[in-house]
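Here's the letter readout for the chains.
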Amino acid sequence: MTLPAGIFLVVSLLPAVPSSYGQGIPGYVDDSFSCPLVTSCPAICVSDAADCPDAATCPQDRPLLCADGSCVAFDVGCDPDLYSPCEENVCGNAVTCAIPVMEWDACSVVFEQAYAEAENCDAADELPALVSWTAPAFVVGYCWICIVTALIFGYCAYNQRLAPIGEVLPLDEFIKAGSRRKSSYPVLEDMTKSIQEGNDETLRIWTQTAYKKTFAGTSIYVLTVATFWAFHCVLAVLVKFYYDQQWERETNNPFEDEVQVLSVFVVVLIIGFVWSMHLKWPSSIRSLFLRRCTFEEADFVAVWSPASEQINENTKRARHIQRILCCMDAVGRCFTAYFSFLFSDVTRPKIKGSFKFCPVEINPDGSKSFTFRLRRYNMGPKMACFHPGIMDVGKTLHDFLDQSDGLSEDEVIQRVASVGSNKIDIKKPHPVRSILEEFNKLFYVYQMYIIWTWLNYWYYYMGLIYLATLIAGGFSVAYIKYKNDRDLYKLSQLTGDVKVLRDNNLMEKKQDELVPGDVITLTPGVASTDMILISGENVLVDEAALTGEAHPVVKSAIDPAEDKSTLYDIKTHRANTVFAGTSIVECKEGDRAIVIKAGSFSTRGELIRDILFYERHRFKFDVEIEIVLGILIIWALIAFGITVRLLGGVVENSVYTFFYGAYVVASVIPPLLPTVFVVSVGISHERLFKQRIACSESQAILVAGKVSVAFFDKTGTLTKQGLDFISAQSFVDGKFYPNSFSKGLTRAMGVCHTLFKSDKEGMIGNQVDVTMFQASNAVMDCSNTKSIKITPQDGSPLAVTKRFEFDHNRMTQSVVVTDIETGRMYAFVKGSAEAMKRLCTKESLPTDFDERAKSSAAAGIYQITLAMREVTQANPDDCASIPRDEIESNLNFLGFLNFKNQLREETNSVLQELASGDVRSIMVTGDSIFTGVCIAKESGMVSPNSQVLIGLLDEFGKIVWTDSATDDVVSLPSIEQLQGPDCNINLAVSGEVWTMLLARSETDAMQLANHIKVFGRCSPNDKVSIVATFVKNGYITMMCGDGGNDCGALKTAHVGIALSDSEASIVSPFTSLDKSVTSVLAVLKEGRCALASALKVYKYELMYGQVTTFNQMANAYFGITFAEWNWVFMDAIWMISMAFTLPRAQANKKLSPARPTASLLGAHTMSSYLGILLINFLAMVVGLVALNQQSWYSCRKWVLDDISNAFVLGDNYESTVIWLITGYQYLSSAAAYNFGFTHRAPWWSNCRLVFFFVAFTVLHYYVTLSEDKVSCLFRINCGNENVVRPVIGSEPYPINNNWNTTVMPYSFRWVMIGIMTANLFLNMAWEYYVVNGLQKKLTAKGRAKKDTRQGEHAPRRASVKVSTIQESTFETKSIRKFEDEELICV
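Only a predicted model underlies this, so the values are computations on that prediction, with no experimental measurement involved. (Residues numbered from 1 in each chain as written. Predicted model: local features only at pLDDT ≥ 70, side-chain atom pairs only at ≥ 80, totals over all residues. Heavy atoms only, no water.)

(A) Fine view of the pairing of strand S13 (residues 375–379). Counting buried positions along S13 yields 5 of 5 residues, so the element is predominantly enclosed. Here S13 shows no split at all, with Arg375, Tyr377 and Met379 on one side and Arg376 and Asn378 on the other all buried. Pairing between strand S12 (residues 368–372) and S13: 5 bridges, direction antiparallel. Its bridge partner being in S13, serine 369 is matched across the sheet by asparagine 378. Remark: 2 residues form the turn of the hairpin made by S12 and S13, two consecutive strands paired antiparallel; arginine 373 in that turn has positive phi of roughly 50°. Looking at chain direction, S13 and strand S14 (residues 387–388) are connected through 2 bridges and run antiparallel. By the bridge assignment for S14, tyrosine 377 is matched with proline 388. (Buried < 20%, exposed > 50% of the residue type's maximum accessible area, 1.4 Å probe, protein only. Helix = DSSP H or I, 4+ residues; strand = E, 2+ residues; numbered from the N terminus. Pairing = 2+ DSSP bridges.)

(B) Inspection of the pattern of salt bridges at higher detail. Counted under the stated rule, the structure contains 39 salt bridges. Among the charged side chains, a network of salt bridges with common partners joins Asp807, Arg810, Arg884, Asp885 and Glu888. (Salt bridge = Lys/Arg side-chain N within 4 Å of Asp/Glu carboxyl O.)

(C) Examining the state of the cysteines more closely. Inspection of every chain in the model, using the stated rule, returns 7 disulfides. Between the sulfur of cysteine 52 and that of cysteine 97 lies a disulfide, 2.0 Å long from S to S. Between cysteine 52 and cysteine 97 the disulfide shows an S-S torsion of about -90°. By sign, it is left-handed. Pair noted here: cysteine 52 is in the loop between strand S2 (45–46) and strand S3 (64–65) and cysteine 97 is in the loop between strand S5 (95–96) and strand S6 (101–103), with a separation of 45 residues, a long-range link. Accessibility expressed as a relative area gives 8% for cysteine 52, which makes it buried. With a relative accessible area of 1%, cysteine 97 lands in the buried category. Between the sulfur atoms of cysteine 66 and its disulfide partner cysteine 78 the distance amounts to 1.9 Å. Between cysteine 66 and cysteine 78, the S-S torsion sits near -85°, and that sign places the bridge as left-handed. Residue cysteine 66 is found in the loop between S3 and strand S4 (71–72), and its partner cysteine 78 is found in the loop between S4 and S5; the two are separated by 12 residues along the sequence. For cysteine 66, a relative accessible area of 4% gives the class buried. Classification of cysteine 78 by relative accessible area gives partly exposed; the value is 30%. (Disulfide = S-S within 2.5 Å.)

(D) Expanded view of unusual backbone geometry. Each neighbour pair has its own omega, and for cysteine 35 with proline 36 the value is 5°, a cis peptide bond. Tracing the backbone through its elements, the reader meets proline 36 in the loop between helix H1 (3–11) and strand S1 (38–40). Although it is not a glycine, asparagine 739 adopts a positive phi angle of roughly 55°. Mapped onto the secondary structure, asparagine 739 falls in the loop between strand S29 (735–738) and helix H24 (743–751). Located in the positive-phi region is arginine 1017, a residue other than glycine, with phi close to 50°. Looking at the secondary structure, you find arginine 1017 in the loop between strand S43 (1012–1016) and helix H35 (1020–1032).

(E) Just the nonpolar core, in detail. Formed by 198 residues in total, the largest nonpolar core has its most connected members in Tyr457, Phe712, Leu914, Met1038 and Phe1070. Looking at this core element by element, the count peaks at 19 residues for helix H37 (residues 1078–1118). Those residues within four positions of methionine 1038 in sequence are excluded, and the remaining contacts are Val707, Val709, Ala710, Phe711, Phe712, Ala1053, Val1055, Ile1057, Val1080 and Leu1084. (Core = buried A, V, L, I, M, F, W, Y, C linked by side-chain atoms within 4.5 Å. Contact = heavy atoms within 4.5 Å.)

(F) Local environment of the sheet that holds strand S40 (residues 947–953). A sheet is described by the order of its strands in space; here 10 strands give the open sequence S26-S46-S45-S44-S27-S39-S43-S42-S40-S41, paired in mixed fashion. If you trace the sheet from one side to the other, it starts and ends with strand S26 (693–695) and strand S41 (959–963), each paired once. Looking at each pair of strands side by side, their axes are set apart by 20° on average, direction ignored. (Axes fitted to C-alpha atoms, helices over the stretch in contact; angles between N-to-C directions.)

(G) A look at the side chain of serine 1168. With respect to the secondary-structure elements, serine 1168 resides in helix H39 (residues 1163–1188). Once you skip the residues sitting within four places of it in the chain, serine 1168 turns out to touch Lys1099, Tyr1233, Trp1326, Glu1327 and Val1331.

(H) Local environment of the packing of aromatic side chains. The final tally for this structure, using the stated rule, is 68 aromatic pairs. Aromatic side chains phenylalanine 400 and tyrosine 568 sit 5.4 Å apart centroid to centroid with 85° between the ring planes, which places their arrangement in the edge-to-face category. One end of the pair, phenylalanine 400, is in helix H12 (residues 397–401); the other, tyrosine 568, is in the loop between strand S21 (553–555) and strand S22 (577–578), with 168 residues separating them in the sequence. Comparing phenylalanine 400 with tyrosine 568, the two get one shared label, buried. Between the aromatic rings of phenylalanine 725 and phenylalanine 741, the centroid separation amounts to 6.2 Å while the plane-to-plane angle is 25°, which identifies the pairing as stacked. Of this pair, phenylalanine 725 sits in strand S28 (residues 724–732) while phenylalanine 741 sits in the loop between S29 and H24, and the two are 16 residues apart along the sequence. Note on phenylalanine 725: relative accessible area 25%, which makes it partly exposed. Note on phenylalanine 741: relative accessible area 40%, which makes it partly exposed. An aromatic cluster is present here, built from Phe265, Trp454, Tyr466, Phe640, Phe658, Phe659, Tyr663, Phe1122 and Trp1127 joined pairwise through their rings. (Phe/Tyr/Trp six-rings, centres within 6.5 Å; stacked < 30°, edge-to-face > 60°.)

Now the structure itself:
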């Protein structure tokens, strides 16, 4: 069934005007569409039928006068249910004379005297004077408002200016106070770090102020809240009084006329709006009435935190935008000064920021504390203010071993008072709370008062529609926020019991009862704290949820033989540390660990804090939306003035003019505008999850739409997770033996690793080690809990005496073993060729060591170098105390092991699409730089025909550049040469070279970084440094890695994508559960789609608002409005359907060559918006001009007389034309904006929007052409025989115009169809061909220029010359870093 047919079925069941109405003289319709107009004259009311004028009496053939003024024959009789238009005549003239049919102009001439007498009668019925504004009820209202307002401002002045108690303590005053107060610094959020770094700017801003509750303050607070809601209650009562009068109910209504009610309503509305908006400026109404006090008395502590708003120096803005921002900033400062004066807010700094009022808790020991951003701040008996609770369990490894006896209960109580319990204190989200928080925002306060204006003046159905729209938008935002909060809350919660050693007794405690220093017995399950192992070996831990590590890792206890002064470092001693949030898969009974960090201080807590207080990077639209809102407010005031001016000269009572103007203001700022970005992000979030990509920070989706640089780890990301063993190269007696295994090499392969054999998981450890061990054919026996026995292929069993984990700084891993048969001990070491060369004796190294290492790496071989030495200690116990530096020295080279990184099948296509999508790909790997270059060329990251210059340090610590193809030392071109159009050179550097470049000059390093494709031999810190430098210089970055040593870089980049199968992973905003690099494309596509969709919905919402504004102003010009169902369809059904289906478009299958704009005032957005707005406006003008050109219209024009009755204002041809054209613009604008350009799928793929658009278009065209009950639903092409019940009536009412119909000639109906169709196609053509088409051409042109700059046609190679970095010429000329420059980094 089609939509029009369905609507016809519904409306056919609605009651219609009695059939006799349209058949008699009173409802005469001249269907000739000619002028002058022949119609029924207005009714003449008399007290007796004999008093009727001669021309208003019944003819002889129909002598019987009926109640409605019609005449019938005696044998027909009158219908007793006929309604008399004179029934409610104020002068008592209840008889309706016969209604004659004649030319409309003749009626006023023939019955001039009768109409004049009726006017005199109405004038004699003088209304009583308006209820006096000095009446007792008004006086009480004035006094109440004045008293409450005076109490508010008076209390604030007394509290902050006249009699403040306590201090506002900025940190710079504590610095000046001297060392005697350093122990009580109110370090409120990373302030300890700020103090250490000497960040005076930060120290100057962060403050704490003490407040307490008082009876006076609480009383004023109650009065204020009561007054806030009292305005709404009074408005509700006035609305009731209005409709009581309209429906003539017998109530205690103090008002005699609707004008009186509406006048009082307007006054209350304006006062209530201004009063309520003022109260939204403070942080909260409750905090306004807290009394300043000393910190000893505090019930609350107000923490001032500055806004982390930092404008990136590389972000350019148009000059006119800068000027507007400066003006708005000045206006903002004026408002801030005004409100600060009113509320006596002397504690607020002059920079942007916010107050957070934190409730103070009293601890069991009597001390006080409060929690801010999940951190506990304490104040003891002798402290002047609050300071952060910090508990340092120990600094050296022996500090932890010395605490192996656990804590006493008294110590536990003290530590709970200091840092709190082991909880991440996130309030459990509740949907009701999320809804209340959303609707408590300033925007909704404004919208509620707008809704009150609609509830009057017979528009309460519009008020309900606006309310439903507002609720729908608010609920959408609140639901998405609730889902995000719920997911984060689940991540923060850990339950279960743990065995803890207290008072030398092992007891069971809840996880949340642990404190730093507790000694616990390990059991399988999720760890709730960071802890260091003090006993036990080969503890198997799954770190996927925290680091994204694909495979479980083995942890071991700290070595008691370590030097007592060895400082604990979380990176160096990672193999001894179990982190909160990781899962202990396998451990032995009796394995123990000591808690070093708990709650929000733990690794999991820190990551959750990052998510919870994450501030999305600010786009241009975050700044420009303020400008747009300012423009809309100014436009709303102008439109209000125009509307008042249009009606002011012709409308007798100004109260109706106010409502018309208020409706125009309400249209300017659409109610769904705040939902634009949230809904688009929520839709993309759901789609990513369906693609098995988990997202812990949904706001990062928008940032993904602007990514310009993508960093990739190599192993496990661009290449497959495992490595294929290729060959071994043994070195014996000064000769290499390819594809052979010497005894020493075989032994090294079998023992030089940190593998562990688990009964459940099998061989656990690094996958390279697993492959190497399997190639050695050795056998591992882990049955002995004290020692691992490994039997190499030669049959000589070896016992593992000591293991050293792989050190990213050393680039080595080593092991000490004992030959069980001979008792001799050996040290085996493996690592990178560069590191091992330094550790081996020169005599043991081959002369072509470097050449072999380079050639293997250049061929894409992952190469491990092995060496050994005999340990001369007498027994294993003595060996345990040997430092690692001694073990890894004076080694004898054994040979090379060669592995091959196999590219993932999808890598080439992913990198190719990224390149076509204007995203630059860079490799950051811990592997050899030569291997990295080989993989880069193989994967297409580097063009095969391009020259790659590799920067390495020589033995003198200087940077030497070599050609990767010829191995010749070359001269590094200058920056200008690298930027030249004929240059085809890419750079590759090692992590240590990057560190040196950065230390010398960050500017120079960044200029080179624009041409570096491969960073090799990178430690985790190097990866963080590289990504952070790009972020600092204005690039929007993405990092993709498989966890482990990529964690820091994943968190540093704007967008991190971890390849992990842990859905609960919080190592990065995105987690690819399928561990596929194609997830990068999915995230970027959805990011671009979400950003593009958000901008499209934004344009549509603004278009809807301005189209409504124009049609309302046109209505005001003619003194008309639309019928009820017209408003319902326009503002509810059509607008909501289009707004919520427009962002449902799928992401495009391919990345576009250009990123989507993020500017609301940029050329692309403004040309799209203003172009379609102009087309829509001109279409409305053309429609009205076309109407004015119709000959039949000249005698059917609407004459503005009285706008007090909204029911009679919609039955005219002006409202018909305006509604048909502008109403369809709600649909045609959405259709135009549905074009996907290049970031969204083609328009037809958005099935929901296409369905609604087609259905509503069919309905609209049907209403335009038809003449039945469906069209009468909208009072279009409607006669009295088809009218149906309106929205707010129980019975249908007849057509209210002088010609008793709204039917248009068929020819003009097709004119309307033509204008609407032309409007549709012009909108679509403008968006598709002009806006998007021009953008495509500009993008293609920019792409061609970029390709020319890359020099694909005439590559220039670097000249062969010995060169160091000092010899290179660096120009200070800046490189264009961020082409669209639309992100403002925070």
